[in-house]
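The chain contents come next:
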Amino acid sequence: MNRIDSPGNEKIKLAVKIAGDASRRKKEKLFFLEGLRLCRDAALTGSPIHTAFFTDSALRKNGDDIAFIAERAQRAFLVSDAVGEKLACTGSSQGIFCLCEIPERSREEALDPTGAYIALENIQDPANLGAVCRTAEALGISGAVVCGGCDIYSPKAQRAAMGSLLRLPIFTTDDLCETLLSCRERGMKLFAATPDSTAAKITEIDMNGGVIAVIGNEGNGVSEEILSLCRPMTIPMLGRAESLNASMAAAITMWEMMRPGRQDDNGQ
């Protein structure tokens with residue numbers, strides 16, 4: 001591995017810009033990962049690693065793992081601890097960093113008309129987005145459709161997802177209406193979560209077969225335009241709570257979508 005000792009090195013400055021700027025990520029088609037777990041996950045899942053950086057301290061502590069990551073990177077550099085501090089996005093960095101290529105996915109590749117998908121409309125908090133995708137992977141959801149909101153490739157979203165954003169099929173779209181209409185034409189059922197108590201209870205609707213369930217923005221919920229395309233559903237709540245956190249609502253929705261025995265409950 002070659003070595004970089006200057007925080008002013010152009011490769012280091014580019015990595016810092018990609019970590020902090022969504023528009024730069026889009027332009028370069030690269031995203032930033034930090035930490036042993038995420039970088040090793042990228043290597044394990046075959047995510048194309050454009051560049052890897054490892055501090056001297058990290059090499060001493062995690063030599064075998066770093067060798068594994070470096071072998072799968074297009075290029076890898078040892079960096080001084082001072083350079084590692086320049087790259088770090090967290091307060092307790094492990095000194096392991098990767099720039100990975102953003103995958104290009106078509107609708108046909110990302111959406112199976114027989115699958116079960118969670119759609120996120122204008123989710124603003126990357127921690128919510130990451131948590132939803134982590135739960136989606138754990139429950140066996142087919143993938144996620146993301147429209148607007150925060151960048152799924154932000155370091156905070158990647159940390160919250162704990163690698164799930166590297167493994168879960170993700171389809172990003174600028175026009176969720178068009179995407180949902182296309183899915184409906186292919187025979188998929190469309191649902192949208194709402195706190196409206198007059199909507200169908202999520203425990204009583206048929207979500208078998210190909211389905212997309214939409215979770216809306218943290219403050220405003222699902223937009224009226226999207227709601228008009230979907231069957232509204234609500235999570236019954238007791239007490240005085242008016243709504244749930246977006247990631248919690250998504251978790252309950254996905255559990256109901258994938259709940260064992262669901263087909264028997266719906267008389268299928």
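Preceding block: the structure.
Residues numbered from 1 in each chain as written. Predicted model: local features only at pLDDT ≥ 70, side-chain atom pairs only at ≥ 80, totals over all residues. Heavy atoms only, no water.

*Asks:* How should I be thinking about the overall build of the protein chain in this particular structure?
*Replies:* Along the backbone of the protein chain there are 14 helices and twelve strands. Computed over its C-alpha atoms, the radius of gyration of the protein chain comes to 21 Å, within 12% of the 18 Å expected for a compact globule of 268 residues. For the C-alpha atoms alone, the extent of the protein chain along its principal axes is close to 65 × 35 × 30 Å. Going through the 268 residues of the protein chain one by one, you find that 49% of them count as buried. In the protein chain, once contacts between residues fewer than 6 apart in sequence are set aside, the share between residues at least 24 apart is 80%. Accessible surface, the protein chain as shown: approximately 12,800 Å² in total, 47% of it carbon and sulfur. Charge-centre separation for the protein chain: the mean point of 30 positive side chains lies 5 Å from the mean point of 35 negative side chains. (Helix = DSSP H or I, 4+ residues; strand = E, 2+ residues; numbered from the N terminus. Rg over C-alpha atoms; globule rule 2.2 N^0.38 Å. Buried < 20%, exposed > 50% of the residue type's maximum accessible area, 1.4 Å probe, protein only. Contact = heavy atoms within 4.5 Å. Areas by Shrake-Rupley, 256 points an atom, 1.4 Å probe, with all protein chains shown as cover. Lys, Arg positive; Asp, Glu negative; His and termini not counted. Charge placed at Lys NZ, Arg CZ, Asp CG, Glu CD.)

*Asks:* Sorry, what's going on with the packing of aromatic side chains here?
*Replies:* Given two aromatic rings, one states the distance between the centres and the angle between the planes to describe the pair. If you walk through the whole model with that rule in mind, you get three aromatic pairs. The ring of Phe68 carries the charged tip of Arg40 above its face, separated from the ring centre by 4.5 Å. (Phe/Tyr/Trp six-rings, centres within 6.5 Å; stacked < 30°, edge-to-face > 60°. Lys NZ or Arg CZ within 6 Å of the ring centre and 35° of its normal.)

*Asks:* How should I be thinking about the layout of surface pockets in this particular structure?
*Replies:* Gaps between atoms show up when a probe of the same size as a water molecule is rolled over them. Quantified by volume, the largest pocket comes out at close to 690 Å³. Among the secondary structure elements, those contributing two or more residues to the lining of the largest pocket are helix 2 (22–28), strand 7 (143–147) and strand 8 (170–172). By volume, the second largest pocket is sized at about 390 Å³. Residue lining of the second largest pocket: 20 residues in total, with Ala193, Thr194, Pro195, Gly221 and Ser243 positioned closest to the centre. Elements that contribute at least two residues to the lining of the second largest pocket include exactly helix 12 (224–227) and helix 13 (246–258). Grouping the constituent residues of the lining of the second largest pocket by class yields ten nonpolar, eight polar and two charged. (1 Å grid on protein atoms, 1.4 Å probe; cavity = no way out; pocket = protein on both sides within 12 Å on 5 of 7 lines; lining within 4 Å. Points joined across faces, edges and corners; volume = space filled by probe spheres on them. Nonpolar A, V, L, I, M, F, W, Y, C, P; charged D, E, K, R; others polar.)

*Asks:* How should the packing of helix 3 (residues 36–45) against helix 5 (residues 63–71) be read in this particular structure?
*Replies:* When two helices pack together, their arrangement is captured by the angle between the axes and the distance separating the axes. Axis separation between helix 3 and helix 5 bottoms out at 9 Å; the angle between their running directions is 45°. Judged on the interaxial angle alone, helix 5 and helix 3 are oblique. Classified by chirality, the crossing of helix 5 by helix 3 is left-handed. Together, Leu36, Cys39, Arg40, Ala43 and Leu44 of helix 3 and Asp65, Phe68 and Ile69 of helix 5 make up the contact between the two elements. Of the residues assigned to the contact of helix 3 with helix 5, the class counts are six nonpolar, no polar and two charged. (Axes fitted to C-alpha atoms, helices over the stretch in contact; angles between N-to-C directions. Parallel < 35°, antiparallel > 145°, perpendicular 65-115°, else oblique. Left-handed = near helix turned anticlockwise from the far one by under 90°.)

Keep in mind these numbers describe shape, not what the thing actually does.
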